[in-house]
Amino acid sequence: ETPAVPQVVSPAAEEAMCERAVERLLEFSRRPLFKRAVQNAFEAFWSPEFLQLPDDEVSRIVTSPEAETSMVTYMTLDAPATRDAAIVELFLAQQGKYLSRAEFDYLQRLAATRVALVRVDAVERDSGLTCTDLWTNERIELREPELTRDGALKTVLALRLLTRADGAVEHDGGV
């Protein structure tokens with residue numbers, strides 16, 4: 001199938017649409033069909049040493065908001081649910097026709113993301129960061145006003161890069 005043509009929407013509308021799209025994806029991922037895939041992803045996400053810690057310590061860490069966001073992102077976008085596809089890809093193939101064009105476009109762009117290691121090369125306060133992707137050596141203009149307040153030069157960040165509908169690159173999820 002052909003890729004969706006990006007639609008430009010207001011930032012507030014885009015944020016609400018993204019939240020709706022992700023909630024629909026998460027609802028889809030809770031199907032019994034994916035129970036084993038989610039368990040496999042959980043075990044792959046955490047090291048065997050971590051899983052050997054006392055249950056109360058594992059539970060405390062696993063249920064932190066940062067860990068939950070990272071795990072859910074990995075389980076739906078990166079981990080294989082079948083031999084050939086992640087949950088997001090299956091969702092788009094099976095349920096995409098029930099999404100708005102903007103939701104479909106967002107999830108399609110999200111499905112194409114990966115976690116990157118970037119080095120901060122320049123900081124423009126309250127605007128964004130100029131970074132170098134350490135895996136591809138690509139220069140990235142990252143629109144992230146919040147990160148500019150703490151973004152020290154030469155800092156290395158691990159984050160998921162997402163190209164927004166307007167073409168700007170931002171991080172999606174945790175840093």
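Quantities reported herein were computed from a predicted structural model and do not represent experimental measurements. (Residues numbered from 1 in each chain as written. Predicted model: local features only at pLDDT ≥ 70, side-chain atom pairs only at ≥ 80, totals over all residues. Heavy atoms only, no water.)

With that settled, the discussion passes to the pairing of strand E4 (residues 156-163). Note that strand E1 (residues 115-124) and E4 share five bridges and pair antiparallel. Across the sheet, the residue bridging to Val-115 is Arg-160, located in E4. Pairing of E4 with strand E5 (residues 169-171), which is carried by three bridges, proceeds in the antiparallel orientation. Within E5, the position partnered with Thr-163 by the bridge is Val-169. Counted between consecutive antiparallel strands, the loop separating E4 from E5 contains five residues, among which Gly-167 sits at a positive phi close to 95°. (Pairing = 2+ DSSP bridges. Helix = DSSP H or I, 4+ residues; strand = E, 2+ residues; numbered from the N terminus.)

Here we take up helix H1 (residues 11-29). Taking 1.5 Å as the rise per residue, H1 with 19 residues should run 27 Å; its terminal C-alpha atoms sit 27 Å apart, in good agreement. Regarding H1, the residues found buried are Glu-14, Met-17, Cys-18, Ala-21, Leu-25, Leu-26, Phe-28 and Ser-29. Looking at the buried side of H1, the elements it contacts are helix H2 (35-45), helix H5 (65-78), helix H6 (87-95) and helix H7 (101-111). (Expected span 1.5 Å × (residues − 1). Buried < 20%, exposed > 50% of the residue type's maximum accessible area, 1.4 Å probe, protein only. Contact = heavy atoms within 4.5 Å.)

Time to look at the packing of aromatic side chains. The full count for this structure, using the stated rule, is five aromatic pairs. With a centroid separation of 5.0 Å and 80° between ring planes, the pair formed by Phe-45 and Trp-46 is classed as edge-to-face. The class of Phe-45 is partly exposed, set by a relative accessible area of 29%. Between Phe-45 and Tyr-74, the ring centres sit 5.6 Å apart and the planes meet at 45°, which makes this aromatic pair tilted. Within this pair, whereas Phe-45 is found in helix H2, its partner Tyr-74 is found in helix H5, the two being separated by 29 residues in sequence. Exposure remark for Tyr-74: the relative accessible area of 22% places this residue in the partly exposed category. An aromatic cluster is built from Phe-45, Trp-46, Phe-50 and Tyr-74, whose rings are joined through pairwise contacts. (Phe/Tyr/Trp six-rings, centres within 6.5 Å; stacked < 30°, edge-to-face > 60°.)

In this sheet, strand E2 (residues 128-133) lies alongside E1 in antiparallel orientation, the contact comprising six bridges. Looking at E2, one finds that Val-120 is bridged to Cys-131. Where E1 hands over to E2, the hairpin turn is made up of three residues, of which Asp-126 adopts a positive phi near 60°.

One non-glycine residue, Asp-126, lies in positive phi territory at about 60°. In this fold, Asp-126 is placed in the loop between E1 and E2. Classification of Asp-126 by relative accessible area gives partly exposed; the value is 43%. Of note, the phi angle at Asn-137 is positive, near 65°, even though the residue is not glycine. Its location among the elements puts Asn-137 in the loop between E2 and strand E3 (139-142).

Look at H1 against H6: their axes get within 10 Å of each other, and the N-to-C directions meet at 100°. By the angle between their directions, the pair H1 and H6 is classed as roughly perpendicular. Of H6, the residues touching H1 (which contributes Arg-24, Leu-25, Phe-28 and Ser-29) are Ile-87, Val-88, Leu-90, Phe-91, Gln-94 and Gln-95. Grouping the constituent residues of the contact of H1 with H6 by class yields six nonpolar, three polar and one charged. (Axes fitted to C-alpha atoms, helices over the stretch in contact; angles between N-to-C directions. Parallel < 35°, antiparallel > 145°, perpendicular 65-115°, else oblique. Nonpolar A, V, L, I, M, F, W, Y, C, P; charged D, E, K, R; others polar.)

Mapping Asp-121 onto the fold places it in strand E1. Here Asp-121 falls in the buried class, since its relative accessible area comes to 18%. Of the polar contacts made by the side chain of Asp-121, one reaches the side chain of Arg-119; its length is 2.7 Å. Excluding residues that lie within four positions of it along the chain, Asp-121 makes contacts with Thr-130, Cys-131, Thr-132, Arg-139, Leu-153 and Lys-154. (Polar contact = N/O pair within 3.5 Å; in protein donor to acceptor, adjacent residues only side chain to side chain.)

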